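Notes for the structure review
The primary structure of each chain is shown beneath.
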Amino acid sequence: MTRAVVVGAGVGGLAAAARLSHGGYDVTVLEQSADLGGKLGIARRDGFVFDTGPSLVTMPHVLRAVFDDTGGPADLPLERLPVACRYRFPDSTVLNMPGHAERIPDALDAALGAGAGEQWSAFSARAERIWDATHAAFLESSIGPGELITLGRRVGDVRTIAPWSSLRGLGARYLTDPRLRMMLDRYATYTGSDPRRAPAALATVPHVEQRWGSWHVPGGLHRIAEALADRARLCGTDIRTSVTVTGIATEGGRVRGVHTTAGTVDADVVIANADAEQVYRDLLPPSRRTALTRRRIGATTPSLSGFVVLLALRGRDPDTPHHRILFPEHYDDEFDAVFGTRSRAAHPAADPTVYVSAPNDPALRPNEDSEAWFVLVNAARHGRGSRALVDWDAPGLAETYADRILSIMAARGVDVRDRVLWRQILSPADLERRTMTPGGSIYGTSSNGALAAFLRPANRSPVDGLFLVGGSSHPGGGLPLVTLSAEIVDRMVRSR
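Okay, so let's go over this structure. Just so you know, these numbers come straight off a predicted model, no measurement behind them. (Residues numbered from 1 in each chain as written. Predicted model: local features only at pLDDT ≥ 70, side-chain atom pairs only at ≥ 80, totals over all residues. Heavy atoms only, no water.)

Some thoughts on the overall build of the chain
- Per the secondary structure count, the chain includes 16 helices and 21 strands.
- Taken against the 2.2 N^0.38 rule, which gives 23 Å for 496 residues, the C-alpha radius of gyration of the chain at 22 Å falls within 12% of a compact globule.
- Its C-alpha atoms put the chain at 65 × 55 × 50 Å along the principal axes.
- Contacts in the chain between residues far apart in sequence, at least 24 positions, make up 72% of those at least 6 positions apart.
- When the accessible area of the chain is evaluated, it comes to approximately 19500 Å², of which 49% is carbon and sulfur surface.
- Where the 56 positive side-chain charges of the chain centre and where its 55 negative ones centre are 6 Å apart. (Helix = DSSP H or I, 4+ residues; strand = E, 2+ residues; numbered from the N terminus. Rg over C-alpha atoms; globule rule 2.2 N^0.38 Å. Contact = heavy atoms within 4.5 Å. Areas by Shrake-Rupley, 256 points an atom, 1.4 Å probe, with all protein chains shown as cover. Lys, Arg positive; Asp, Glu negative; His and termini not counted. Charge placed at Lys NZ, Arg CZ, Asp CG, Glu CD.)

Printed below as a string of structure tokens:
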């Protein structure tokens, strides 16, 4: 029986383990933390429960496919949200974005004025064409120079995808309302990117969200990791926690297993559900075989990180939306702060966009007179000695910045400061320590650059028997994409 080791128990790693175990492989998952789920984390205190990573399920059919392909449906209910998100724009306009695509044009006209719905519909039609041209060949398949050459021969597809255009540039062709442009810019951050540099192909992000809806898992999204782990174990996977992989053993250009804090584990196949930079920099011994990949990763722009404040609130507001976004006056200032500019180093954004997730879910609060809020702002990565980094461990910085975020929320009409029972801060430095992700980058490399979205680290490494799965490798970050990456890797391993 072929032995496979999965390094990391994130969603991608667990999904790959379940698929391979179901296919007859002898699979062991090694997770450095005591908890499963990777970035799909959870925090519990005093009856309050918070998802500390993804807070939204899109493309639910992709998630269901993992279970359908490994023995049948799981006990994992999904609830579609009638309101996908409440947007509050700088002019104080409020938009409740419907969770069903057919209702969006009328809602836009009602909130933003006549014609807004028509503008967004025209853009959405272009986004759908981009999706049709890319999803099968790229998101659902492995990618390399051959696939790019094939695309280059399909002139119509190239024109549709417009690789020479940024997401913001494409939006400007269809959207004259500045609020619609601001809403579109937000979707670049779903991949940790800057809309001024991210490719037009990211127009598919709002398309899939609106086409298949926004979904919640009752009890919290961390239940996805639990369900995947249960399915993997049912299929025969051995999951070991609190075991840190310190290196990937190789011999003659192929993997032989992994070195861990608990000893060496032999394997014929290693699947790294870890940050690609960490894999090539820290886990693999240097070699000419991997030198080009190391250089390519080093030349990319890392994705942004996030600064999180978990709020345990007394009282309930019946009008609290599940998802809420509070936009700033000057959005570009935020991207300049997060990524830095030639004239100024990266720094905490003075007036950031604020995202709030506040599920109306009894399982996430201690009683009916309380709420658990997850508050997130985009942030520069953690570190020292570089103009692109911020030392989030600097004394007082995290607490002061959390205070500022609460004040910004209040200025934008969401003042909960007198309701806070307690708060917990998760800075980019905390994310780095929790997930062993360099700088706390949420998505590994960003999609900044014309072809960056298509040139993420490949699932098949230059080392025979070593594969990468998860948000830092192809096809990218987010629950549906990391789940697709597991399906891609499963096919690759089986076809060796």
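Notes on the sheet that holds strand E15 (residues 323–326)
- With respect to topology, seven strands assemble into an open sheet ordered E7-E6-E15-E16-E17-E14-E20, the strand pairing being mixed. Looking at which strands have only one partner, the edges of the open sheet turn out to be strand E7 (94–98) and strand E20 (420–426). For this sheet, the mean angle separating the axes of adjacent strands, direction not counted, is 20°.
- Sheet strands touched by helix H15 (residues 428–435): strand E14 (305–314), strand E17 (370–379) and E20. Its angle to E20, the strand with the most contacts, is close to 65°. (Pairing = 2+ DSSP bridges. Axes fitted to C-alpha atoms, helices over the stretch in contact; angles between N-to-C directions.)

Digging into the pattern of salt bridges
- Per the stated rule, a full pass over the model turns up 31 salt bridges.
- Linking Asp 91 and Arg 179 is a salt bridge whose minimum nitrogen-to-oxygen distance equals 3.3 Å. Separated by 88 residues along the polypeptide, Asp 91 in the loop between strand E6 (83–88) and E7 and Arg 179 in helix H8 (residues 178–188) bring together distant segments of the chain.
- We classify Asp 91 as partly exposed; its relative accessible area is 46%.
- Looking at Arg 179, the relative accessible area reads 16%, which means it is buried.
- The salt bridge partner of Asp 403 is Arg 423, with a shortest N-O separation of 2.8 Å. Residue Asp 403 is found in helix H14 (residues 397–411), and its partner Arg 423 is found in strand E20; the two are separated by 20 residues along the sequence.
- Of the residues examined, Asp 403 reaches a relative accessible area of 41% and is grouped as partly exposed.
- Looking at Arg 423, the relative accessible area reads 22%, which means it is partly exposed. (Salt bridge = Lys/Arg side-chain N within 4 Å of Asp/Glu carboxyl O. Buried < 20%, exposed > 50% of the residue type's maximum accessible area, 1.4 Å probe, protein only.)

A few points about the side chain of Asp 177
- Mapped onto the secondary structure, Asp 177 falls in the loop between helix H7 (167–174) and H8.
- Residue Asp 177 is classed as buried on the basis of its relative accessible area of 10%.
- Contact partners of Asp 177, with chain neighbours within four places excluded, come to Leu 112 and Gln 119.

Some points on the packing of helix H1 (residues 11–22) against helix H16 (residues 479–494)
- Remark: H1 packs on H16, axes separated minimally by 8 Å, with the N-to-C direction vectors making an angle of 35°. In this structure, H1 meets H16 at a crossing whose hand is right-handed. Across the interface between the two elements, Val 11, Gly 12, Ala 15, Ala 16, Arg 19 and Leu 20 of H1 pack against Leu 479, Val 482, Thr 483, Ala 486, Glu 487, Asp 490, Val 493 and Arg 494 of H16. (Left-handed = near helix turned anticlockwise from the far one by under 90°.)

Observations regarding the nonpolar core
- Grouped together as the largest cluster of nonpolar side chains are 47 residues, with contacts concentrated most on Tyr 87, Leu 108 and Trp 120.
- Excluding residues within four positions of it along the chain, Trp 120 makes contact with Ile 104, Leu 108, Leu 175, Leu 180, Met 183, Leu 184, Pro 206 and Gln 210.
- Of all hydrophobic cores here, the second largest spans 41 residues; its members include Leu 14, Leu 40, Leu 228 and Phe 467. (Core = buried A, V, L, I, M, F, W, Y, C linked by side-chain atoms within 4.5 Å.)

Here's the deal with the pairing of E6
- With five of its six residues buried, E6 lies for the most part within the structure.
- When E6 meets E7, the two strands line up antiparallel, connected through five bridges. Residue pairing in the sheet places Val 83 in a bridge with Pro 98 of E7.
- The turn linking E6 back onto E7 is made up of five residues, and Ser 92 within it adopts a positive phi angle of 80°.
- Across three bridges, E6 lies against E15 in parallel orientation. Paired with Arg 86 across the two strands is Arg 324, which belongs to E15.

Quick word on the side chain of Thr 70
- Along the chain, Thr 70 turns up in the loop between helix H2 (60–68) and strand E5 (79–80).
- Note on Thr 70: relative accessible area 3%, which makes it buried.
- A distance of 2.7 Å separates a polar atom in the side chain of Thr 70 from the backbone oxygen of Val 66.
- Excluding residues within four positions of it along the chain, Thr 70 makes contact with Ala 18, Arg 19, His 22, Arg 231 and Cys 235. (Polar contact = N/O pair within 3.5 Å; in protein donor to acceptor, adjacent residues only side chain to side chain.)

Side note on the packing of aromatic side chains
- Using the criterion set out here, one finds 15 aromatic pairs in the structure.
- Aromatic side chains Tyr 87 and Phe 327 sit 6.0 Å apart centroid to centroid with 5° between the ring planes, which places their arrangement in the stacked category. Residue Tyr 87 is found in strand E6, and its partner Phe 327 is found in the loop between E15 and helix H13 (331–339); the two are separated by 240 residues along the sequence. By the burial criterion, Tyr 87 is buried, and Phe 327 matches it.
- Taking the centre distance of 5.3 Å and the plane angle of 40° together, the rings of Phe 307 and Trp 392 count as tilted. Taken as a pair, Phe 307 in strand E14 and Trp 392 in the loop between strand E19 (389–390) and H14 lie far apart in primary sequence, 85 residues in all. (Phe/Tyr/Trp six-rings, centres within 6.5 Å; stacked < 30°, edge-to-face > 60°.)

Notes on the sheet that holds strand E1 (residues 3–7)
- Taken in spatial order, the five strands of this open sheet run E9-E2-E1-E13-E21, and their pairing is parallel. Either end of the sheet is taken by a strand with one partner, and the two such strands are strand E9 (238–240) and strand E21 (466–468). Recorded for the sheet is a direction-independent mean angle of 20° between the axes of neighbouring strands.
- Sheet analysis places E1 next to strand E13 (residues 269–272), joined by four bridges and oriented parallel. The partner of Val 5 across the bridge, within E13, is Val 270.

Note that all results are geometric; they support no functional claim without further evidence.
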